[in-house]
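Observations on the three-dimensional arrangement
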Amino acid sequence: MLTDRRSVTALKIPLLAVALMSAGLQGCALGYLTQAAHGQWQLMHARRPLAQVLADPASSDELKARLRLVQDARDFAVSDLGLPDNRSYRSYSDLKRPYVVWNVVAAPEFSVAPQRWCFPFTGCLSYRGYFREQDARRMAAALAAHGNDVMVGGVTAYSTLGHFADPVLNTMLRYGDLGLASTIFHELAHQLIYVRGDSEFNESFAVSVEQEGLRRWLAARGRSQELQDYLGRHQAEQLIVGVFADGRRQLAALYAATPAAPLEQLRARKHEILAASGAQVLQLERQFKMRTGYDQWISDGLNNAHLAAVGTYFDCVPGFNRLLAANGGRLPAFYAAVRKIKGDAAARRALCADGGNTTAIITAPDEAPSGPSAPAKSEPATAVPGR
């Protein structure tokens, strides 16, 4: 394990900071940060260097194959995508459970705007993560009791934004090669650029980098058939995300209408819109012979929180993809343009509002390309419920 004195000290300092900040909090806030600090400590304590796991005769051939793929994707992220070269994803933690955390998303009964919670380091987020599923479901039940629409989704990975050396988790290995590589690219993108308190901007940026990175990785590895299959599935998933976006727009208009309809009429119309959206998604899954995972949401009962979660990850993706195209598909220039936007809240909102057809599209001239330059795409990235 990574238990040398320097690693342990580096781990204790941020956790001590959380404890000190928590000292001024009371009740639920203190309890929440305490469980977060404890869960993070357990995750880091379980780390083993990848080389050690690969050399261990007790490690299965399947595990070794997945970790070698991680090493390849990790190296590609640095050499071709310009993502951080640090100790993240150079170690492995087996948590003995299917998800690392469970996220709670909530929205009022008549709103598609997610509730936000504010924390040290990250700022305000449109979700709240718990290291124990029962804690997440308890929080969701409390929110639902106050009239909110809620969802609980298992999460396979998250980024500590470079504060820790994030390990590869057993929870990440549940996906195939494409899902595993894209997760590495996504989480490293958070370390590269992050805006405190803007979940939509952060997640959509990471999705756009993940998407472009996966296309380039498959092309560079000569996996042409997988690339074509992936692009076909991607186009189908774009249609599904579009259905959710249209449903969210209809609901937003319904909730904002004046004078407001009587409550029962409002609830009935809400149900009609959600049912129609769910039916369209299931039809697209049948048409393209694919399963996205959204069918479980629909079976459980689609609600405002589900649509808000989709918006968090995908609303700004078209704008980022147009920004990449405006910079000639050159990742260093793209990253420079995103950094120019990140400090300007109005520019961030403009990028997200209309898919990037605004003055927020900034080019950064005289930047060298990063590895092979693949054509930029304007479609939103692969949808992964509960990510």
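On a predicted model such as this, the values are computed, not experimentally measured, just so you know.

**Some thoughts on the overall build of the protein chain**
Looking only at helices and strands, the protein chain features 14 helices and eight strands. Within the span of the protein chain, comprising 387 residues, buried residues form 53% of the whole. The long-range share in the protein chain, meaning contacts at least 24 apart out of those at least 6 apart in sequence, stands at 76%. Accessible area of the protein chain: about 17100 Å², with a carbon and sulfur share of 56%.

**Quick word on the sheet that holds strand β6 (residues 128-130)**
With antiparallel pairing, the three strands of this open sheet are ordered in space as β6-β3-β7. Across the chains shown, the open sheet's two edge strands, defined by having one partner strand only, are β6 and β7 (149-155). Taken over all neighbouring pairs, the strand axes of this sheet differ in orientation by 25 degrees on average, direction set aside. As judged from the three bridges shared by strand β3 (residues 101-107) and β6, these two strands associate in the antiparallel manner.

**Focus: the state of the cysteines**
If you walk through the whole model with that rule in mind, you get two disulfides. For C118, the disulfide goes to C124, at an S-S distance of 1.8 Å. Disulfide C118 to C124: torsion about the S-S bond roughly 90 degrees, handedness right-handed. Given the relative accessible area of 52%, C118 is considered exposed. Linked covalently through their sulfurs, C316 and C352 form a disulfide whose S-S length is 1.9 Å. Because the sign of the S-S torsion sets the handedness, a value of about 100 degrees for the bond joining C316 and C352 places this disulfide among the right-handed ones.

**Things to note about the packing of helix α6 (residues 177-192) against helix α7 (residues 199-220)**
Between α6 and α7, whose axes approach to 8 Å, the crossing angle comes to 135 degrees. Taken together, α6 and α7 sit at an angle that is classed as oblique. Of the two elements, α6 crosses α7, and the hand of that crossing is right-handed. Across the interface between the two elements, D177, L178, A181, S182, F185, H186, A189, H190 and L192 from α6 touch N202, E203, F205, A206, V207, V209, E210, G213, L214, W217 and L218 from α7. Each residue belonging to the contact of α6 with α7 can be placed in one class, and the counts come to twelve nonpolar, five polar and three charged.

**Some thoughts on empty space enclosed by the protein**
Under the counting rule described, the total for this entry stands at three cavities of 30 Å³ or more. Volume-wise, the second largest cavity comes out at about 70 Å³. Forming the boundary of the second largest cavity are Q40, L43, Y89, A157, Y158, D166, P167, L169 and M172. Along the lines of polarity and charge, the residues of the lining of the second largest cavity split into seven nonpolar, one polar and one charged.

**Topic: the pattern of salt bridges**
Here the structure, examined in full by the defined rule, presents 24 salt bridges. One salt bridge in this structure joins D56 and R48, with 2.9 Å as the shortest N-O distance. A salt bridge links E226 to R223; the shortest N-O distance between them is 2.6 Å. Residue classification places E226 among the partly exposed residues on the basis of a relative accessible area of 29%.

**With respect to the packing of aromatic side chains**
Counted under the stated rule, the structure contains 15 aromatic pairs. Taken together, a centroid distance of 6.3 Å and an interplanar angle of 50 degrees make the contact between F244 and W297 tilted. On the criterion of sequence distance, the pair formed by F244 in helix α8 (residues 224-256) and W297 in helix α10 (residues 294-300) is long-range, its members being 53 residues apart. Judged by its relative accessible area of 0%, F244 falls in the buried class. Judged by its relative accessible area of 10%, W297 is buried. Note on Y294 and W297: the rings are 5.0 Å apart at their centroids and 65 degrees apart in plane angle, and the pair reads as edge-to-face. Linking Y294 with W297, this pair stays in helix α10, spanning three residues, or about one helical turn. Here Y294 matches W297 in class, with each residue buried. The structure contains a cluster of three or more aromatic residues connected by ring pairs, namely F201, F205, F320, F334 and Y335. For R128, the ring lying beneath its charged end belongs to Y32, and the centroid distance is 4.1 Å. Against the face of F201 rests R348, its NZ or CZ located 5.9 Å from the ring centre.

**Some remarks on the pairing of β3**
Taking burial as the measure, the seven residues of β3 include seven buried ones, the bulk of the element. Neither face of β3 is exposed, since V101, N103, V105 and A107 on one face and W102, V104 and A106 on the opposite face are all buried.

**Description of the environment of D198**
One can find D198 in the loop between α6 and α7. Placed 76 residues apart in sequence, D198 and T122 show a C-alpha to C-alpha distance of 9.2 Å. The contacts of D198, once residues within four sequence positions are left out, are C124, R348 and R349.

Here is what the cut-offs are and how they apply
Residues numbered from 1 in each chain as written. Predicted model: local features only at pLDDT ≥ 70, side-chain atom pairs only at ≥ 80, totals over all residues. Heavy atoms only, no water. Helix = DSSP H or I, 4+ residues; strand = E, 2+ residues; numbered from the N terminus. Buried < 20%, exposed > 50% of the residue type's maximum accessible area, 1.4 Å probe, protein only. Contact = heavy atoms within 4.5 Å. Areas by Shrake-Rupley, 256 points an atom, 1.4 Å probe, with all protein chains shown as cover. Pairing = 2+ DSSP bridges. Axes fitted to C-alpha atoms, helices over the stretch in contact; angles between N-to-C directions. Disulfide = S-S within 2.5 Å. Parallel < 35°, antiparallel > 145°, perpendicular 65-115°, else oblique. Left-handed = near helix turned anticlockwise from the far one by under 90°. Nonpolar A, V, L, I, M, F, W, Y, C, P; charged D, E, K, R; others polar. 1 Å grid on protein atoms, 1.4 Å probe; cavity = no way out; pocket = protein on both sides within 12 Å on 5 of 7 lines; lining within 4 Å. Points joined across faces, edges and corners; volume = space filled by probe spheres on them. Salt bridge = Lys/Arg side-chain N within 4 Å of Asp/Glu carboxyl O. Phe/Tyr/Trp six-rings, centres within 6.5 Å; stacked < 30°, edge-to-face > 60°. Lys NZ or Arg CZ within 6 Å of the ring centre and 35° of its normal.

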